[in-house]
Amino acid sequence: MLKLLYQALAWMSLLLAILGIALPLLPTVPFLLVSAWGFSRSSPRFEHWLLNHPKFGPPIIDWRRDGVISLKAKRMATLFVGISLAIMLLNDMPLTLRLVAISCLSAVLVFLWSRPSQAPAQKQQRAAKPEDSQRADSD
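Everything numeric in this text was worked out from a predicted model, so none of it was measured.

Some thoughts on the packing of helix α2 (residues 29-42) against helix α4 (residues 57-66)
Contact pair α2 / α4: the axes reach a minimum separation of 10 Å and the direction vectors enclose 75 degrees. Relative to α4, α2 is oriented roughly perpendicular. Residue-level contacts link Val-29, Leu-32, Leu-33, Ala-36, Trp-37 and Ser-40 of α2 to Pro-59, Ile-60, Trp-63 and Arg-64 of α4. Across the contact of α2 with α4, the residue classes break down as eight nonpolar, one polar and one charged.

Some points on the pattern of salt bridges
According to the stated counting rule, one finds three salt bridges in the structure shown. The salt bridge involving Arg-64 is made with Glu-47; its shortest N-O contact spans 2.9 Å. In this pair, Arg-64 is assigned in helix α4 and Glu-47 in helix α3 (residues 44-51), connecting sequence segments 17 residues apart. Classification of Glu-47 by relative accessible area gives buried; the value is 16%. Linking Arg-65 and Asp-66 is a salt bridge whose minimum nitrogen-to-oxygen distance equals 3.2 Å. Its relative accessible area of 28% is what places Asp-66 among the partly exposed residues.

Overview of the nonpolar core
Listed in full, the ten residues of the largest apolar core are Ala-10, Leu-14, Ala-17, Leu-32, Ala-36, Phe-39, Leu-50, Leu-51, Phe-56 and Ile-60. Among the elements of the structure, α1 (2-22), α2 and α3 are those that each provide at least two residues to this core. Sequence-distant contacts of Leu-32, that is, excluding residues within four places in its chain, are made with Leu-14, Ala-17, Leu-50, Phe-56, Pro-59 and Ile-60.

Regarding the side chain of Arg-98
Along the chain, Arg-98 falls in helix α6 (residues 95-114). Here Arg-98 occupies a buried position and makes no salt bridge, while the nearest side chain of opposite charge, Asp-92, is found at 4.8 Å. Here the side chain of Arg-98 touches Asn-91 through a polar contact of 2.5 Å, landing on its backbone oxygen. Setting aside its immediate chain neighbours within four residues, Arg-98 contacts Met-88, Leu-89, Asn-91, Asp-92 and Met-93.

Considerations on the confidence of the model for the protein
Looking at the protein as a whole, its pLDDT mean stands at 84, while 86% of the residues score no less than 70. Summarising per-element confidence for the protein, the mean pLDDT is lowest in helix α7 (residues 120-138) (58) and highest in α3 (94). pLDDT under 50 marks residues 135-139. Its contacts with residues more than four places away, or in other chains, come to zero contacts.

What counts and what doesn't
Residues numbered from 1 in each chain as written. Predicted model: local features only at pLDDT ≥ 70, side-chain atom pairs only at ≥ 80, totals over all residues. Heavy atoms only, no water. Axes fitted to C-alpha atoms, helices over the stretch in contact; angles between N-to-C directions. Helix = DSSP H or I, 4+ residues; strand = E, 2+ residues; numbered from the N terminus. Parallel < 35°, antiparallel > 145°, perpendicular 65-115°, else oblique. Contact = heavy atoms within 4.5 Å. Nonpolar A, V, L, I, M, F, W, Y, C, P; charged D, E, K, R; others polar. Salt bridge = Lys/Arg side-chain N within 4 Å of Asp/Glu carboxyl O. Buried < 20%, exposed > 50% of the residue type's maximum accessible area, 1.4 Å probe, protein only. Core = buried A, V, L, I, M, F, W, Y, C linked by side-chain atoms within 4.5 Å. Lys, Arg positive; Asp, Glu negative; His and termini not counted. Polar contact = N/O pair within 3.5 Å; in protein donor to acceptor, adjacent residues only side chain to side chain. pLDDT = per-residue confidence, 0-100.

Written as structure tokens, this is what we have:
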């Protein structure tokens, strides 16, 4: 029974992730992560499919391996948090609700921007490239 609940959660999250590609205020990557988590507990076959998918797999693998959130994903999330805040502030909402929403969205942004944007190995490779070009120039 629990396996079926995990699988239902995984499929629902995957559907929301796919919708998030087209709908600007719906995030994609968090739903992909939940989907991969649900499949890891319910269907190794679908987890394998998701991890090897050309579009969905890389952000899941980056997150699992190094806790990485791409710079593009961070920028998009920040943009849409800003849009959400603007819409919320332009509408007539109780102050308490606004403060709670601002606090939650701020916490999300702090978390996002506190995560690395690239894996440590990628940073080392990028740092090594200028040295390589300087060596080639001096030869």
